[in-house]
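Descriptive analysis of the structure
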Amino acid sequence: MHVHHLLQLDDLDLGLVWGDESLLGQEISGVTATDLEDPTRLLQPGEIVLSGLVWRTPDDGPARTERFVSALRAGGAAALLVGEETHGAVPEELVDACRAHRIALLSVPSRTTFRAITEAVGLRQWGDLSRRPSHLYALPENVRTELGRLSERGASAAELLDRAFAHLGSPPCYLLTSSGRTVARTASAPPLPARRAAESLRGAHGTTLRVDADGTSFDAWHLHVPGAVEAPPRALHEIAEVVARYRRHHDRRESARLRAGQELVELIGAFGPEANDVEGVLRSCGLPDEGPYVVVVAAPEATDERPEHPEPGRFDSPERPERPERSDCSEHRDRPGCRDALAEALSHVRTAGFAVGERADGAAIAVVGIRAEGEPHAGAALPTAALPTGAVFPTGEELQAELREAWPLVQACRPDTALYAGVSGPVATAAGLAAAVTQARYARAAAAPRGARVPAFGDLANLEALLAGVPGEVKEVFSHRVLRALMPVERPSNAVLLETLEAFLAHDGSWARTAKVLRLHVNTVHYRIGRVEVLTGRDLSRLDHRLDLRAALLCR
């Protein structure tokens, strides 16, 4: 398939912005969808690049655009396809840069998804591959035949890898996600910790091929051979094509569970007859209909996830738009992909059964099955679609520990967006899930101000942690109301009163220690605290009044 063939597909309705005959005649080797400003490490020569340019802002000069297009040129991109949904018309400086670096530039209307383009290229390439004369294959015919047979009978990815590499001497090979999770490995490949795997994907050692399927920034698959392998490059590409077909079949099988996860998230907190459906949907998600469970909420830093209570028991509006079967970066180019990030992070937890859905604002909610402390066999009898036979759910503490370890790896897949998650306390039944959502949302809201990426509700063990989840506007009003008379803007000399108050409360109301740390006479401390009491109307000999002032200071 060549670049100009894309312009002939009426369903895609692509537009040619710039490109001469020689550029449009280039053969397409694959597709990469990315919104990285420097996608060099993801590209293979001859690929077309799909981008929504989310890294670009209207105030940017041409330098960032120049770096982006230069990276495409260095990576051997055949063409750049730019979505019009984010910025409208294709920016002029991008046209100039593509002309300077001789990169064909096509526009993608907002009604055309990147997935549709990927599928169109894949179908055309698969047709070309099926018609290819046998002498042009790099894989032997018997290997191709067996791989096809294994795929048809639903073999695992590990079986496919073992058979595909057997005729090459069975070198160690891994199938890894972008965050370093091992999907499968050959029998000769030792276990690879996720952190080392992620570093290997970004390193210069070994051979890595991205599997051309519907992966996102977080869970895209990569074929990684860490050592030298004596095989023609085309053979590795053909193996990657087999794995890509396996991935597409896998995603289609998973689509029902993804829909069930979305339905579950929408049912939590519902009233009336719908509330009775929760247990049935839990089973559809591969979760037991009895707890314990925890809820995990993930959202970007900019999303206000603080709990709201429009009516008792609810956590969101009942009106929701229809959603696709799978949240995909190609269809939500303007979102950080919280559902995909959360699903990938939870997939790092080896025995976690979970269901994940997405709210209208892009935040993700997951229900995770756990086992109670002291119950080693809980969760062993689960549907095989959810977990391997005999799998045991993690405890709440094990889940939190593994999730915190995986989160930086998932975050590294989209370093431009700070993602935070919050974990609820355990709930015993499905009826407690609405309360668990509220807990997890509050824990997530408290995450960003404290710098913790995955806090649990149980971590909110002091006043400072509790106040971190309070909306900033509320904290500002409270602080101003309590401390207004001490604000330096009212009277510059009041700055010393605030300083003295902070020191006094920090040293448990000790006059001597406050005087020592501030290098003052004790009488001076008595005088200043007296002034604070007069101006604020608080009596610092009372515990509740001390708490008022301490909270107001923390809310500043």
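One can find the structure itself at the top, above this paragraph.
Only a predicted model underlies this, so the values are computations on that prediction, with no experimental measurement involved.

Let us now look at the nonpolar core. Residues Leu6, Ile48, Leu80, Leu81, Leu94 and Ile117 are the most contacted members of the largest nonpolar core, which totals 39 residues. Listed by contribution, the elements that provide at least two residues to this core are helix H1 (3-7), helix H2 (21-24), strand E3 (47-51), helix H3 (62-75), strand E4 (79-83), helix H4 (92-101), strand E5 (104-108) and helix H5 (114-130). Residues within four places of Leu94 in sequence aside, it is in contact with Leu53, Thr65, Phe68, Val69, Leu80, Val82 and Leu105. The next biggest cluster of nonpolar side chains, apart from the first, holds 28 residues, and it includes Leu139, Leu150, Leu223 and Ile239.

Here the focus is the sheet that holds strand E9 (residues 221-225). In a beta sheet, neighbouring strands are held together by backbone hydrogen bonds and run either parallel or antiparallel to one another. Taken in spatial order, the four strands of this open sheet run E7-E6-E9-E8, and their pairing is antiparallel. On the outer flanks of this sheet lie strand E7 (182-185) and strand E8 (207-210), each paired with one strand and no other. Taken pair by pair, the neighbouring strands of this sheet meet at an average axis angle of 20°, ignoring direction. Strand direction decides the pairing type here: strand E6 (residues 174-177) and E7, joined by three bridges, are antiparallel. When the sheet's bridge partners are listed, Leu175 is paired in E7 with Ala184. Of the strands in this sheet, E6, E8 and E9 are in contact with helix H9 (residues 233-267), which crosses E9 at around 145°.

Attention now goes to the pattern of salt bridges. On inspection of all chains with the given rule, the structure shows 20 salt bridges. Arg102 is paired through a salt bridge with Asp20; the nearest N and O atoms lie 2.7 Å apart. Of the two residues, Arg102 sits in the loop between H4 and E5 while Asp20 sits in the loop between strand E1 (15-18) and H2, which places them 82 residues apart along the sequence.

Turning to unusual backbone geometry, a few remarks are in order. Even without being a glycine, Arg102 presents a positive backbone phi close to 55°. Positioned with a positive phi, Asp508 is a non-glycine residue whose angle comes to about 60°. Positionally, Asp508 belongs in the loop between helix H17 (495-506) and helix H18 (511-518).

Quick notes on the rules
- Each chain carries its own residue numbering, running from 1 in the direction its sequence is written.
- Residue-level local features of this predicted model are given only where pLDDT is at least 70; pairs of side-chain atoms are given and counted only at 80 or more, and the full residue set underlies all totals for whole chains, interfaces and linings.
- Processing note: side-chain calculations cover all non-hydrogen atoms of the structure and skip hydrogens and water entirely.
- Put simply, a nonpolar core is a bunch of buried Ala, Val, Leu, Ile, Met, Phe, Trp, Tyr and Cys residues held in one set by side-chain atoms that sit within 4.5 Å of each other.
- In this scheme, a residue with accessible area under 20% of its type's maximum is buried, one over 50% is exposed, and one in between is partly exposed, where area comes from a 1.4 Å probe on protein chains only.
- Elements are defined by DSSP. Helices are runs of H or I of four residues or more, strands are runs of E of two residues or more, and each kind is numbered from the N terminus.
- In this analysis, two residues are considered to be in contact whenever any of their non-hydrogen atoms come within 4.5 Å of each other.
- Pairing between strands requires that DSSP locate at least two bridges from one strand to the other.
- Angles shown run from 0 to 180 degrees and are taken between the N-to-C directions of axes, each axis being a line fitted to C-alpha atoms and, for helices, limited to the stretch in contact.
- Any carboxyl oxygen of Asp or Glu that lies within 4 Å of a side-chain nitrogen of Lys or Arg is treated as forming a salt bridge with it.

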